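# Report on the structure
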Amino acid sequence: VSYPSIVGEMLASGFSVIGFSWICSPACTELEVVVMDWLAKFLNLPEHFLHENEGPGGGVIQGSASEAVLVAVLAAREQAVRRLRLSHPELSESDIRGKLIAYSSDQSNSCIEKAGVLAAMPIKLLPAGVDLVLRGDALKQAIEQDVAAGLIPVICIASLGTTGTCAYDDIESLASICEQNEVWLHVDAAYAGGAFALEECSELRRGLERVDSLNFNLHKFMLVNFDCAAMWLRDANKVIDSFNVDRIYLKHKHEGQTQIPDFRHWQIPLGRRFRALKVWITFRTLGAEGLRAHIRKHIKLAEQFENLVKADERFELIAPRALGLVCFRAKGDNEITSQLLQRL
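Below is a summary of the structure that appears in this document. (Residues numbered from 1 in each chain as written. Predicted model: local features only at pLDDT ≥ 70, side-chain atom pairs only at ≥ 80, totals over all residues. Heavy atoms only, no water.)

What follows is about the packing of aromatic side chains. This structure, assessed with the given rule, holds five aromatic pairs. Ring centres of tryptophan 38 and phenylalanine 283 lie 5.9 Å apart, and the angle between their planes is 55°; this geometry places the pair in the tilted category. Taken together, the positions of tryptophan 38 in helix H2 (residues 26–42) and phenylalanine 283 in helix H10 (residues 276–311) put the pair 245 residues apart, joining distant regions of the chain. On the basis of an interplanar angle of 20° and a centroid distance of 4.9 Å, the ring pair of tyrosine 191 and phenylalanine 221 is categorised as stacked. Within this pair, whereas tyrosine 191 is found in the loop between strand S5 (184–188) and strand S6 (213–217), its partner phenylalanine 221 is found in helix H8 (residues 218–221), the two being separated by 30 residues in sequence. The structure contains a cluster of three or more aromatic residues connected by ring pairs, namely Trp38, Phe42 and Phe283. (Phe/Tyr/Trp six-rings, centres within 6.5 Å; stacked < 30°, edge-to-face > 60°. Helix = DSSP H or I, 4+ residues; strand = E, 2+ residues; numbered from the N terminus.)

If you want it as structure tokens, here you go:
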């Protein structure tokens with residue numbers, strides 16, 4: 001965390017904004033639009049994720065990756081149900097909902113499996129390769145088996161930086177399979193997404209122009225305090241259409257007069273905190289280059305630690321170093337590593 005972020009958090013708490021619509025606090029909504037476009041450019045994301053571009057894409061700040069993943073899963077589910085009710089009018093809504101299925105890697109974060117529970121849609125955890133990477137062939141095989149069994153594939157959640165080893169799923173091969181089967185592709189880049197900002201890590205961005213949505217936690221690599229998770233959507237209308245509930249007390253006279261979104265349609269709760277303020281102050285104080293230097297420092301520290309582990313015959317690496325993560329263990333019985341963990 002950084003002092004600019006703390007200052008932003010204090011100011012936001014003092015303003016006590018409950019920014020579910022533009023009229024509640026124009027600054028809350030409009031500053032979020034600005035900083036989400038800043039972030040998208042900082043991370044070199046495809047242009048269709050920017051608010052400033054023509055089209056239905058854009059970004060929003062969620063509380064955590066768990067919320068972002070759940071929003072993607074719920075939106076994909078509702079879009080699939082609506083699409084199938086049109087193409088298969090002989091099926092009832094309950095028939096369709098009972099056949100939906102989603103996919104992710106067995107290396108993915110627990111929040112993905114939990115999203116399936118909350119969405120009442122099973123998420124099948126597919127076996128990653130020996131390098132702990134999920135590829136399109138595994139997804140293709142699972143989809144073919146499930147379609148043959150009468151199930152309806154809905155969404156695949158890929159990971160860029162798995163929790164255990166920071167492995168990167170193969171987005172391009174997964175995107176090809178998803179496109180062929182009308183499956184939503186979401187990318188959970190909660191940790192590794194910060195490295196999108198570095199040209200030396202540009203390989204991590206391969207295939208992102210083909211995903212439907214992605215998330216990145218600013219409280220992991222961007223010196224912004226918890227909670228602050230950025231989420232981008234290629235077509236925000238799919239989320240808005242899935243979640244839109246209008247009541248008379250939510251209406252205001254400026255509706256339709258501005259292109260600024262009402263972010264209550266992009267999230268689970270109605271109200272929302274002024275998180276954009278701490279992001280704006282952090283960016284304005286530290287600058288893009290200051291943030292890149294911070295990320296590079298973490299990577300350099302990991303390289304230094306990796307070399308120390310390699311030079312010590314008591315320890316061994318169990319996965320390739322990835323960004324700031326080094327996975328190692330003490331040689332010998334696993335109890336030795338457990339004891340070391342407790343002592344640390």
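Don't stop here, the text continues.
A few words now on the side chain of glutamate 32. Inspection of the secondary structure puts glutamate 32 in helix H2. Residues contacting glutamate 32, with those up to four places away along its chain left out, are Val60, Ile61, Phe263, Arg272 and Ala276. (Contact = heavy atoms within 4.5 Å.)

Within helix H7 (residues 171–180), the full set of buried residues consists of Ile171, Leu174, Ala175, Ile177 and Cys178. Along the axis of H7, the buried positions cluster into a sector of 165°, meaning they face one direction only. Tucked inside the fold, the buried residues of H7 contact helix H6 (136–148), strand S4 (152–159) and S5. Note on H7: the residue one or two positions beyond its end, glutamate 182, has a positive phi of about 55°. (Buried < 20%, exposed > 50% of the residue type's maximum accessible area, 1.4 Å probe, protein only. Arc of directions from axis to C-beta.)

Spatially, seven strands are ordered S1-S7-S6-S5-S4-S2-S3 in an open sheet, and the strand pairing comes out mixed. Sheet topology places strand S1 (58–62) and strand S3 (123–126) at the edges, where each strand pairs with a single neighbour. The average undirected angle you get between the axes of adjacent strands in this sheet is 20°. Across five bridges, S1 lies against strand S7 (residues 229–233) in antiparallel orientation. In the strand pairing of S7, glutamine 62 is matched with alanine 229. Packed onto the sheet, H6 meets strand S2 (100–105), S3 and S4 and runs at close to 160° relative to S2. (Pairing = 2+ DSSP bridges. Axes fitted to C-alpha atoms, helices over the stretch in contact; angles between N-to-C directions.)

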